[in-house]
There are 2 protein chains.
Amino acid sequence: MPEAITQSIQDYLKHIYELNEHGGAASTNDLASRLSVAPASVTGMLQKLANSQPPLVIYKKHQGVRLTKNGEKAALEVIRHHRLLETFLVKTLGYSWDEVHCEADKLEHVISENFETRMAAALGNPTRDPHGELIPTADLVMPADESCPLASLRADETATIRRVSADDPALLRHLHKIGVVPEVKITVKNYSEFDGNLTLQVEGQKSNIVLGTAVTNQVFVEKEN
Amino acid sequence: MPEAITQSIQDYLKHIYELNEHGGAASTNDLASRLSVAPASVTGMLQKLANSQPPLVIYKKHQGVRLTKNGEKAALEVIRHHRLLETFLVKTLGYSWDEVHCEADKLEHVISENFETRMAAALGNPTRDPHGELIPTADLVMPADESCPLASLRADETATIRRVSADDPALLRHLHKIGVVPEVKITVKNYSEFDGNLTLQVEGQKSNIVLGTAVTNQVFVEKEN
DNA sequence: AATAAAATTTAGTCTAGCCTAAATTTTAGA
DNA sequence: TCTAAAATTTAGGCTAGACTAAATTTTATT
């Protein structure tokens with residue numbers, strides 16, 4: 001019989017998923033810092049996950065870790081919970097988009113399938129959360145993401161903001177204030193080759209804004225066709 | 001500094017509170033069966049709670065346990081969470097009153113003060129949950145309960161149902177079906193001295209019903225003045 | 001290719017909260 | 001009041017998931 005997927009394991013799987021999305025295998029150190037846990041603790045858990053029945057990860061010493069199909073399903077379940085919860089907190093309880101992360105991080109581990117289903121239905125089965133992140137479907141498939149970093153745009157390009165993959169509440173509040181939120185159209189007025197700064201015209205805003213790469217790498221857009 | 005109040009401790013305090021409400025001190029065995037834990041485990045936890053700084057319970061060997069002021073506040077916090085959550089699940093997500101208990105038992109430990117406040121506001125600061133249980137106030141005071149067991153009524157007495165303190169989902173579904181829910185008026189048509197059965201006329205229902213003491217002891221009413 | 005630095009793993013501990021078995025205390029009935 | 005049964009506590013263990021310190025492997029730099 002499959003061993004229990006504890007809250008702690010859910011957190012490991014979720015972060016491995018996110019690290020796998022970007023670079024290839026997730027490293028011990030990256031996981032440790034994301035989970036706020038000592039690297040040695042990560043090694044121990046990875047060994048356990050790799051030896052569980054069925055295995056949730058594929059792990060080779062010193063070479064990082066990847067999710068198995070089973071591990072990915074478990075990860076997507078947690079991510080679906082998280083993103084539905086963020087949406088629910090904003091839509092139903094009036095949270096702002098910079099407040100929802102912590103709350104969802106705790107709730108994601110304890111809600112039932114029943115809760116998930118009712119919440120999704122109450123929200124009209126949304127496909128994106130308040131930050132524009134894609135919500136895995138009920139049968140645990142992650143929709144394809146067509147967006148690219150805002151940082152990759154150049155002068156005169158026009159695009160629609162799709163997601164803001166930032167955690168920092170202060171940054172989120174700032175971006176909200178200057179109108180940099182999902183589904184808003186922007187046009188690049190200038191690109192600085194020295195620092196990568198972009199000058200943007202934001203739909204619905206009076207004056208242009210300048211954003212550095214630390215920010216534009218966290219904002220994802222779809223270019224005008 | 002006060003030690004952390006873990007989920008496990010919250011569960012102990014909640015059940016000690018409920019046992020203190022009825023009989024005096026809560027016994028080791030009663031706690032063990034409510035918590036689904038071995039009696040020896042309860043003894044260990046009670047010693048810990050009594051020695052914590054500040055103490056959360058007063059405990060003397062073989063004589064059961066009572067909450068201190070601090071312990072009571074912590075218990076009421078959890079109970080407030082639980083009852084607000086039950087109300088929220090019914091009102092906002094369309095749960096039926098027999099489904100909410102398990103879900104609330106998990107969520108009660110993880111929601112923030114922010115969540116509690118927003119939820120209470122969204123519900124209009126309710127004073128009772130879907131079963132009619134009183135909800136502790138935001139400053140953690142339990143309102144006085146004026147009700148008495150339905151089982152204590154006799155023929156010709158009329159009363160209003162205030163709460164249904166039952167856990168069993170099947171019983172709850174049955175009571176809902178026959179209209180035995182909070183705020184409904186009932187009249188006792190007959191009392192049987194042999195088995196304690198009550199024959200009731202239930203407001204809004206066509207035919208009378210007969211309920212045994214196993215049920216009437218779990219339903220609480222306020223008599224007509 | 002040598003070596004220093006960084007990353008990772010091993011080894012050994014710790015804590016919370018549970019467990020069982022055995023010992024003890026309390027309670028109830030003859 | 002004595003004794004059997006019930007309730008409770010003690011003693012000793014276990015597991016998950018964290019930790020630190022030390023050992024090892026990998027990577028990067030000269």
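Residues numbered from 1 in each chain as written. Chains lettered and ligands numbered in written order. Predicted model: local features only at pLDDT ≥ 70, side-chain atom pairs only at ≥ 80, totals over all residues. Heavy atoms only, no water.

A.B. asks: Tell me about the overall build of chain A, and please be specific about residues and values.
C.D. replies: From N to C terminus, chain A includes eight helices and eight strands. For chain A, the C-alpha radius of gyration of 19 Å lies close to 17 Å, the compact-globule estimate for 225 residues. By the burial criterion, 49% of the 225 residues in chain A qualify as buried. Pairs at least 24 apart in sequence give 61% of the contacts found in chain A among residues at least 6 apart. For chain A, the exposed surface amounts to about 11,100 Å²; the carbon and sulfur share of it is 51%. Computed over 23 positive and 30 negative side-chain charges, the inter-centroid distance for chain A is 1 Å. (Helix = DSSP H or I, 4+ residues; strand = E, 2+ residues; numbered from the N terminus. Rg over C-alpha atoms; globule rule 2.2 N^0.38 Å. Buried < 20%, exposed > 50% of the residue type's maximum accessible area, 1.4 Å probe, protein only. Contact = heavy atoms within 4.5 Å. Areas by Shrake-Rupley, 256 points an atom, 1.4 Å probe, with all protein chains shown as cover. Lys, Arg positive; Asp, Glu negative; His and termini not counted. Charge placed at Lys NZ, Arg CZ, Asp CG, Glu CD.)

A.B. asks: An account of the protein's contact with DNA strand C is requested, with residue identities and associated values reported.
C.D. replies: In the region of DNA strand C, 20 residues are neighbours, and Gln 47 and Tyr 59 of chain A together with Thr 6, Ala 38 and Lys 48 of chain B sit closest. The share of sugar and phosphate among atoms of DNA strand C within 4 Å of the protein is 82%. Measuring from a phosphate oxygen of DNA strand C, one finds a side-chain N or O atom of Ser 8 of chain B at 3.4 Å. Take Tyr 12 of chain B: an N or O atom from its side chain is 3.3 Å from a phosphate oxygen of DNA strand C. If you list the elements that add at least two residues to the surface near DNA strand C, you get helix H2 (28-35) and helix H3 (39-51) of chain A together with helix H1 (7-21) and helix H3 (39-51) of chain B. (Near = heavy atom within 4 Å. Polar contact = N/O pair within 3.5 Å; in protein donor to acceptor, adjacent residues only side chain to side chain.)

A.B. asks: Give a detailed account of the protein's contact with DNA strand D, specifying residues and quantitative values.
C.D. replies: Contacts to DNA strand D come from 20 residues, most closely from Thr 6, Ser 41 and Lys 48 of chain A together with Gln 47 and Tyr 59 of chain B. A share of 84% of the atoms of DNA strand D within 4 Å of the protein falls on sugar and phosphate groups. In this structure, a phosphate oxygen belonging to DNA strand D sits 2.5 Å away from a side-chain N or O atom of Gln 47 of chain B. Put simply, the parts of the chain that give the surface near DNA strand D at least two residues each are helix H1 (7-21) and H3 of chain A together with helix H2 (28-35) and H3 of chain B. Counted by class, the surface near DNA strand D contains eight nonpolar, 10 polar and two charged residues. (Nonpolar A, V, L, I, M, F, W, Y, C, P; charged D, E, K, R; others polar.)

A.B. asks: Can you break down the sheet that holds strand S4 (residues 158-164) of chain A residue by residue, with the values?
C.D. replies: Residues and elements named next belong to chain A. Read from one edge of the open sheet, six strands run S3-S8-S4-S5-S6-S7, paired in antiparallel fashion. In this open sheet, the two strands that pair with only one neighbour each are strand S3 (148-149) and strand S7 (209-211). The pairing of S4 with strand S5 (residues 185-191) spans three bridges and is antiparallel. Opposite Ala 159, over in S5, you have Ile 186 as the bridge partner. (Pairing = 2+ DSSP bridges.)

A.B. asks: Account for the environment of His 62 of chain A, with residues named and values stated.
C.D. replies: Relative to the helices and strands, His 62 of chain A is located in the loop between strand S1 (57-59) and strand S2 (65-67). Sequence separation between His 62 of chain A and Thr 28 of chain A is 34 residues, and the spatial gap between their C-alpha atoms is 8.2 Å.

A.B. asks: Could you give an account of the interface of chain A and chain B, naming the residues involved and the relevant values?
C.D. replies: The partner chain B presents 18 residues to the 18 residues of chain A that form the contact. Summing both sides of the interface, chain A and chain B together bury roughly 1,600 Å²; the carbon and sulfur share of this comes to 59%. The largest contributions to the chain A side of the interface with chain B come from Leu 93, Val 110 and Arg 118 of chain A, which together make up 36% of the buried area. For the pair chain A and chain B, the number of links is two salt bridges. Measuring nitrogen to oxygen at the nearest pair gives 3.1 Å for the salt bridge that ties Glu 99 of chain A to Arg 118 of chain B. Counting across the interface, chain A meets chain B through 14 residue pairs in polar contact (both at pLDDT 80 or more). Contributing elements (two or more residues each) for the side of chain A that touches chain B: helix H4 (69-93), helix H5 (100-107) and helix H6 (113-122) of chain A. (Buried area = accessible area lost by both parts, 1.4 Å probe. Salt bridge = Lys/Arg side-chain N within 4 Å of Asp/Glu carboxyl O.)

A.B. asks: Break down the relation of the copies chain A and chain B for me, citing the residues and quoting the values.
C.D. replies: Both copies of the chain are tied together by a single rotation about an axis and a shift running along it. Superposing chain A onto chain B takes a rotation of 180° combined with a translation of 0.0 Å along the rotation axis, leaving an RMSD of 0.0 Å. The superposition of one copy onto the other is thereby described by a two-fold rotation axis. For chain A, the smallest separation between a C-alpha atom and the rotation axis is recorded for Leu 107 of chain A, amounting to 3.6 Å. (Least-squares fit on C-alpha atoms with pLDDT ≥ 70 in both.)

A.B. asks: Describe the nonpolar core, and please don't skip the residues or the numbers.
C.D. replies: Formed by 32 residues in total, the largest nonpolar core has its most connected members in Phe 115 and Met 119 of chain A together with Phe 115 and Met 119 of chain B. Where this core is concerned, the elements lending two or more residues are H4, H5 and H6 of chain A together with helix H4 (69-93), helix H5 (100-107) and helix H6 (113-122) of chain B. Excluding anything up to four places from it in sequence, Phe 115 of chain B contacts Leu 89, Leu 93, Tyr 95, Glu 103 and Leu 107 of chain A together with Leu 85 of chain B. (Core = buried A, V, L, I, M, F, W, Y, C linked by side-chain atoms within 4.5 Å.)

A.B. asks: Go over the domain arrangement of chain A with me, naming the residues and quoting the values.
C.D. replies: What the domain assignment lists for chain A is domain 1 (7-67) and domain 2 (148-223). Look at where the C-alpha atoms of domain 1 of chain A and domain 2 of chain A centre, and you get two points 32 Å apart. (Domains from an automatic or database assignment.)

A.B. asks: I'd like a rundown of the sheet that holds strand S7 (residues 209-211) of chain B, residues and numbers included.
C.D. replies: Spatial ordering of the open sheet is given by S3-S8-S4-S5-S6-S7 (chain B), a layout of six strands whose pairing is antiparallel. Two strands in the sheet have a free side with no partner beyond their single neighbour: strand S3 (148-149) and S7 of chain B.

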